[in-house]
Amino acid sequence: MQTTTFIDVSDICGRDVEKNCLINKLLYESSEQNLQIISLVGMGGIGKTTLAQYVYNNGDVKSNFNIRIWVCVSDPFDELMIAKAIIQSLENSSTPIVGDLQFLLQRIHDSIAGNKFLLILDDVWNEDYNKWEPFYNCLKNGLHGSKILITTRKESVTRIMKSIDIINVKELSYEKNWELFRRLALSERPAHECEKLEEIGREIVKKCKGLPLATKTIGSLLQFKRSRDEWQRVLHSEMWKLEEIEKGLLSPLMLSYNDLPSSIRKCFSYCAIFSKDHCIEKDKLIKLWMAQGYLGLEKDTKLETIGEEYFHHLATRSFFQEFSKYEDVVANYNKESYKMHDIVHDFALFLSNGECLAVEVNIGDNDPFINSSNKNVRHLILKVNEGVPFPKSICSIKSLRSLIIFYHDNRDNALFGGQNLCELTCLRSLMFHGFGVKEIPKEIKNLIHLRYLYLGLQSIAELPESLCELYNLHTLDINLCYDIVELPEGIGKLVNLRRLINDGCPSLLYIPKGIEKLTGLQTLSEFVISSEGDNDSKACSLEGLKF
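Here is a short report on the structure shown in this document. It should be emphasised that the depicted structure is a prediction, and the values quoted were computed from it without experimental measurement. (Residues numbered from 1 in each chain as written. Predicted model: local features only at pLDDT ≥ 70, side-chain atom pairs only at ≥ 80, totals over all residues. Heavy atoms only, no water.)

## Details of the overall build of the protein chain
Across its full length, the protein chain holds 16 helices and 16 strands. The principal-axis extents of the C-alpha atoms in the protein chain amount to approximately 90 × 65 × 40 Å. Looking at the protein chain as a whole, 50% of its 547 residues qualify as buried. Counted over contacts in the protein chain with a minimum sequence separation of 6, partners at least 24 positions apart contribute 63%. (Helix = DSSP H or I, 4+ residues; strand = E, 2+ residues; numbered from the N terminus. Buried < 20%, exposed > 50% of the residue type's maximum accessible area, 1.4 Å probe, protein only. Contact = heavy atoms within 4.5 Å.)

## Quick notes on the nonpolar core
Counting 81 residues, the largest nonpolar core has Phe268, Leu285, Trp289 and Phe320 as the members making the most contacts within it. Core analysis: the second largest hydrophobic core is formed by 50 residues, Cys422, Ile478, Ile491 and Val528 among them. (Core = buried A, V, L, I, M, F, W, Y, C linked by side-chain atoms within 4.5 Å.)

## Observations concerning the sheet that holds strand S16 (residues 523-524)
One open sheet holds the eight strands; their spatial order is S9-S10-S11-S12-S13-S14-S15-S16, and the pairing between them is parallel. Of all strands in the sheet, those bounded by a partner on one side alone are strand S9 (356-361) and S16. When strand S13 (residues 452-454) meets strand S14 (residues 475-477), the two strands line up parallel, connected through three bridges. Directly across from tyrosine 452, in S14, lies its bridge partner threonine 475. (Pairing = 2+ DSSP bridges.)

## What to know about unusual backbone geometry
A cis geometry characterises the amide bond from aspartate 75 onward to proline 76, with omega recorded as 10°. Along the chain, proline 76 turns up in the loop between strand S2 (67-74) and helix H4 (79-91). Of note, arginine 15 is a non-glycine position whose phi angle comes to about 65°, a positive value. Tracing the backbone through its elements, the reader meets arginine 15 in the segment before helix H1 (16-27).

## Things to note about the pattern of salt bridges
Considering all chains together, one arrives at 27 salt bridges under this definition. With its nearest N and O atoms 3.2 Å apart, the salt bridge here joins glutamate 18 to arginine 15. Considered together, glutamate 18 and arginine 15 belong to a single accessibility category, that of buried residues. With a closest N to O distance of 2.9 Å, glutamate 91 and arginine 107 form a salt bridge. Of this pair, glutamate 91 sits in helix H4 while arginine 107 sits in helix H5 (residues 101-112), and the two are 16 residues apart along the sequence. Take glutamate 91: its relative accessible area is 34%, and that puts it in the partly exposed class. Salt bridges sharing partners connect three or more residues here, namely Glu127, Lys154, Asp259 and Arg317. (Salt bridge = Lys/Arg side-chain N within 4 Å of Asp/Glu carboxyl O.)

## With respect to the sheet that holds strand S1 (residues 36-41)
Read from one edge of the open sheet, five strands run S2-S3-S4-S1-S5, paired in parallel fashion. Because the sheet does not close on itself, it has two edges, and the strands there are S2 and strand S5 (165-168). Direction aside, neighbouring strands of the sheet carry axes that sit 15° apart on average. Strand direction decides the pairing type here: strand S3 (residues 117-124) and strand S4 (residues 147-152), joined by four bridges, are parallel. (Axes fitted to C-alpha atoms, helices over the stretch in contact; angles between N-to-C directions.)

## A closer look at the state of the cysteines
Within the structure shown, the criterion is met by zero disulfides. A disulfide-free cysteine, cysteine 426 has its sulfur positioned 13 Å from the sulfur of cysteine 395, the nearest such atom. Residue classification places cysteine 426 among the partly exposed residues on the basis of a relative accessible area of 23%. A disulfide-free cysteine, cysteine 468 has its sulfur positioned 15 Å from the sulfur of cysteine 422, the nearest such atom. (Disulfide = S-S within 2.5 Å.)

## Observations concerning a negative patch on the surface
Residues Glu439, Glu462, Glu465 and Glu489 make up a contiguous surface patch of negative charge. Secondary-structure assignment places glutamate 462 in the loop between S13 and S14. (Patch = residues over 30% accessible without salt bridge, like charges linked within 9 Å, V, L, I, M, F, W, Y side chains within 5 Å. Areas by Shrake-Rupley, 256 points an atom, 1.4 Å probe, with all protein chains shown as cover. Lys, Arg positive; Asp, Glu negative; His and termini not counted. Charge placed at Lys NZ, Arg CZ, Asp CG, Glu CD.)

## Overview of the packing of aromatic side chains
Considering all chains together, one arrives at 14 aromatic pairs under this definition. For the ring pair phenylalanine 268 and phenylalanine 319, a centre distance of 4.4 Å and an interplane angle of 40° mean the geometry is tilted. Taken as a pair, phenylalanine 268 in helix H13 (residues 262-270) and phenylalanine 319 in the loop between helix H15 (303-316) and strand S7 (321-328) lie far apart in primary sequence, 51 residues in all. Residue classification places phenylalanine 268 among the buried residues on the basis of a relative accessible area of 0%. Given the relative accessible area of 2%, phenylalanine 319 is considered buried. (Phe/Tyr/Trp six-rings, centres within 6.5 Å; stacked < 30°, edge-to-face > 60°.)

## Describing the packing of helix H8 (residues 174-185) against helix H9 (residues 191-208)
The geometry of H8 relative to H9 is characterised by a closest axis approach of 10 Å and an angle of 120° between their N-to-C directions. Taken together, the axes of H8 and H9 are oblique relative to one another. Handedness of the crossing formed by H8 with H9: right-handed. Residues Tyr174, Glu175, Asn177, Trp178 and Phe181 of H8 form the contact with H9, whose own contacting residues are Glu198, Gly201, Arg202, Ile204, Val205, Lys206 and Cys208. Looking at the contact of H8 with H9 residue by residue, the classes come out as six nonpolar, two polar and four charged. (Parallel < 35°, antiparallel > 145°, perpendicular 65-115°, else oblique. Left-handed = near helix turned anticlockwise from the far one by under 90°. Nonpolar A, V, L, I, M, F, W, Y, C, P; charged D, E, K, R; others polar.)

## Here we look at the packing of H5 against helix H6 (residues 129-139)
Direction vectors running N to C along H5 and H6 enclose 30°, while the axes themselves pass 8 Å from each other. Taken together, H5 and H6 sit at an angle that is classed as roughly parallel. Between H5 and H6 the crossing geometry is right-handed. The residues of H6 that touch H5, namely those facing Leu101, Leu105, Ile108, His109 and Ile112, are Pro134, Phe135, Cys138 and Leu139. Class assignment for the residues of the contact of H5 with H6 results in eight nonpolar, one polar and no charged.

## Looking at H5
Between its terminal C-alpha atoms H5 stretches 17 Å, which fits the 16 Å expected from 12 residues at 1.5 Å a residue. Those residues of H5 that sit buried are Leu104, Leu105, Ile108 and Ile112. One side of H5 holds all its buried residues, which, seen down the axis, span an arc of 95°. For H5, the secondary structure elements touched by its buried residues are H4, S3 and H6. (Expected span 1.5 Å × (residues − 1). Arc of directions from axis to C-beta.)

Listed below in structure tokens is the structure:
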């Protein structure tokens, strides 16, 4: 959709910090001679264009520049179209403009000579410097103090355009979002009707999570709905099930999604497996992608690097937010985590088409997998709260590829009563969090497709030899398993193992000899040298690592 410069600035809610920062950057004249490029970066619908429209119409900005130019760039980056739009604005003409790119750029170069200009390039996606460089060289002919302002969803664009002044546009505060919603949905109603609907409206605004586009889309829809029942339906619906909302939100998010390389789209939709507001560790997410085969062939020695690149693609396109980093130098522990905006999470869930599911089971809840419609689920997070029996009927979902369990039960080995989860023979990833499993059954060998097994913080003393039949396993994580004494002697059978993560296993007596057969092993967190003569025949020596 083409954007324009026209806006009623009185309708803009909040953004005082960003507005003041941006105006100061536009008015400030550096002693450096380089043409300054300022960037507004943020996810689709966050309000970048609105900010650009505001400064374009600001009185101080108007008086500071001889010429102001607005171009909606969008995707693809059409050099001829952009050049023609700049010329039409410079010459205030609607006459058709013809000529090749060289001719058009020369015309721009001559027109801006002796003028101090502001060029706003709205919605830039281009990551090809060769397309941008001719414009940049041409535009350097303006007077000192000329500025270019770009809006983009992609941090990579700012680097391509050599912008060092970057303003990251974040979510609106709740109160400003409510003010925006109230103007749209309640301003034309009698007081008694507003009073009846305000409580529901405030709950709806919370669902928008500070995204102005969502607030405007839903607020505009609700201004025509008069009853509490209609408002309640919107509050309790999945946004993508309401056609009016889908049209407003789906398009801008789909633009960002379609801009992703096809190989990364599946990685994005996979993120819907996590519940809203879940803090996701980057390293574990990459391992999960790897286990599903999203990063290429299993023999590729650079899968982790590919995973980092995929994650970076998603992060720079504002699909992730609230980054945090924790580092413990003593424990050699480094964790980077992130969250997804609720609307983005809903979008990922929409794209997953029922393959991703997060389920929480509380006391008194029915077993969620008995007579359920979850037969198409491939990736599941299951949270079973304390005091709730583990839902053994989960084994009816034979198609599961990922299973992440949050469960705590003080009963001995409550999880593995019988063969339970070992019946899910399609699993590629199996992760246990927050409970005390004391024994892994020998039936685990049935999970022949398993590639990622996470057993961190469990009360396991040993692993069964049958685990060594999981020849597809690429990651075995027993981090902080304080009670584990031995690893299986047949560990050398795990020919595809790339990572053995065994930090914080103080009871581990030795590393078995078979480890030297694992020629693809890239990570061994701690190598334990046997201190007891009885284990010498089983233990790998330090010299054995050279293999």
